[in-house]
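# Observations on the three-dimensional arrangement
Here's the letter readout for the chains.
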Amino acid sequence: MTYRPVVVLAEDDGLLREAVAEAMEMEGYRVVPCDSGFSALKAFFAEPRVDVLVLDWLLPDIEGRDLIRLLHAQRELSDLPVVLTTGLELELPSFEGAVCLLRKPFDSTELSRILHRLTHPTRSTTPARSFAPTDSRVV
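Given the structure is predicted, the values throughout are model-derived calculations rather than measurements.

### A look at the overall build of the chain
In terms of regular secondary structure, the chain is built from four helices and five strands. Taken from N to C terminus, the helices and strands of the chain fall in the order β-α-β-α-β-α-β-β-α. Counting across all 139 residues of the chain, residues that qualify as buried make up 46%. Across the chain, the fraction of contacts at a sequence separation of at least 24, relative to all contacts at a separation of at least 6, is 62%. If you sum the accessible surface of the chain, you get close to 7900 Å²; carbon and sulfur atoms cover 54% of it.

### Here we look at the packing of helix α2 (residues 37-46) against helix α3 (residues 64-72)
Direction vectors running N to C along α2 and α3 enclose 20°, while the axes themselves pass 11 Å from each other. Taken together, α2 and α3 sit at an angle that is classed as roughly parallel. Considering only the axes of α2 and α3, their crossing is right-handed. On the side of α2, the interface is formed by Gly37, Ala40, Leu41 and Phe44, while α3 contributes Leu67, Leu70 and Leu71.

### Concerning empty space enclosed by the protein
One pass over the full model with this rule turns up one cavity of 30 Å³ or more. Space inside the largest cavity adds up to approximately 40 Å³. Taken together, Leu9, Ala10, Glu11, Leu16, Arg17, Val20, Val54, Asp56, Thr85 and Phe106 make up the full set of residues lining the largest cavity. Those elements that provide at least two residues to the lining of the largest cavity are β1 (6-10), α1 (14-26) and β3 (52-56). By residue number, the principal contributor to the lining of the largest cavity is α1, which donates three residues. For the lining of the largest cavity, a count of residues per class yields six nonpolar, one polar and three charged.

### Points about the sheet that holds β1
Taken in spatial order, the five strands of this open sheet run β2-β1-β3-β4-β5, and their pairing is parallel. The open sheet has two edge strands, β2 (30-34) and β5 (100-103), and neither has a second partner. With strand direction ignored, the average angle separating the axes of adjacent strands in the sheet is 20°. Judged from the five bridges that link them, β1 and β2 form a sheet pairing that is parallel. Each bridged residue has a counterpart across the sheet, and for Val7 the counterpart in β2 is Val31.

### Quick look at a negative patch on the surface
Side chains of Asp12, Asp13, Asp35 and Asp61 sit close together on the surface and give a patch of like negative charge. With respect to the secondary-structure elements, Asp61 resides in the loop between β3 and α3. Classification of Asp61 as partly exposed rests on a relative accessible area of 42%.

### Details of the pattern of salt bridges
One pass over the structure, following the stated rule, counts seven salt bridges. Put simply, Arg30 and Glu47 hold a salt bridge, and the shortest N to O gap is 2.3 Å. Linking Arg30 in strand β2 with Glu47 in the loop between α2 and β3, this pair joins segments that are 17 residues apart in sequence. Residue Arg30 is classed as partly exposed on the basis of its relative accessible area, which comes to 31%. Residue Glu47 is classed as buried on the basis of its relative accessible area, which comes to 18%. For Arg65, the salt bridge goes to Glu63, with nearest N and O atoms at 2.8 Å. Overall, Arg65 belongs to the partly exposed group, its relative accessible area being 25%.

Thresholds, definitions, all that
Residues numbered from 1 in each chain as written. Predicted model: local features only at pLDDT ≥ 70, side-chain atom pairs only at ≥ 80, totals over all residues. Heavy atoms only, no water. Helix = DSSP H or I, 4+ residues; strand = E, 2+ residues; numbered from the N terminus. Buried < 20%, exposed > 50% of the residue type's maximum accessible area, 1.4 Å probe, protein only. Contact = heavy atoms within 4.5 Å. Areas by Shrake-Rupley, 256 points an atom, 1.4 Å probe, with all protein chains shown as cover. Axes fitted to C-alpha atoms, helices over the stretch in contact; angles between N-to-C directions. Parallel < 35°, antiparallel > 145°, perpendicular 65-115°, else oblique. Left-handed = near helix turned anticlockwise from the far one by under 90°. 1 Å grid on protein atoms, 1.4 Å probe; cavity = no way out; pocket = protein on both sides within 12 Å on 5 of 7 lines; lining within 4 Å. Points joined across faces, edges and corners; volume = space filled by probe spheres on them. Nonpolar A, V, L, I, M, F, W, Y, C, P; charged D, E, K, R; others polar. Pairing = 2+ DSSP bridges. Patch = residues over 30% accessible without salt bridge, like charges linked within 9 Å, V, L, I, M, F, W, Y side chains within 5 Å. Salt bridge = Lys/Arg side-chain N within 4 Å of Asp/Glu carboxyl O. Lys, Arg positive; Asp, Glu negative; His and termini not counted. Charge placed at Lys NZ, Arg CZ, Asp CG, Glu CD.

Set out below in structure tokens:
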């Protein structure tokens, strides 16, 4: 059986969460959809391995930056790649610990490209987890 990269998707908008999860599943990812930061935290305890976190900046119970800090404080999750999403106009030059910031609304192919780069390491000298996005909508 082929390994399917695991993506935790923390998004409180139910319709968007379902649409993004479905698109990621069609791309071959196993998606753990979460409607809050707390449910995303629980997913990290329930899943033996998580490859990427796709995280909405504003969740009902926690801000994205705070969840990133909580997760990255755990030694085994310190290198977890996080794709931060938001519909807000934020100035986040450092992405608050995320590898990139994806502005909503985003195209599923944009997210697919980023996830592929994070979960399918290349033989280049640049580590897959520290890429610089070139898409103009990825800040």
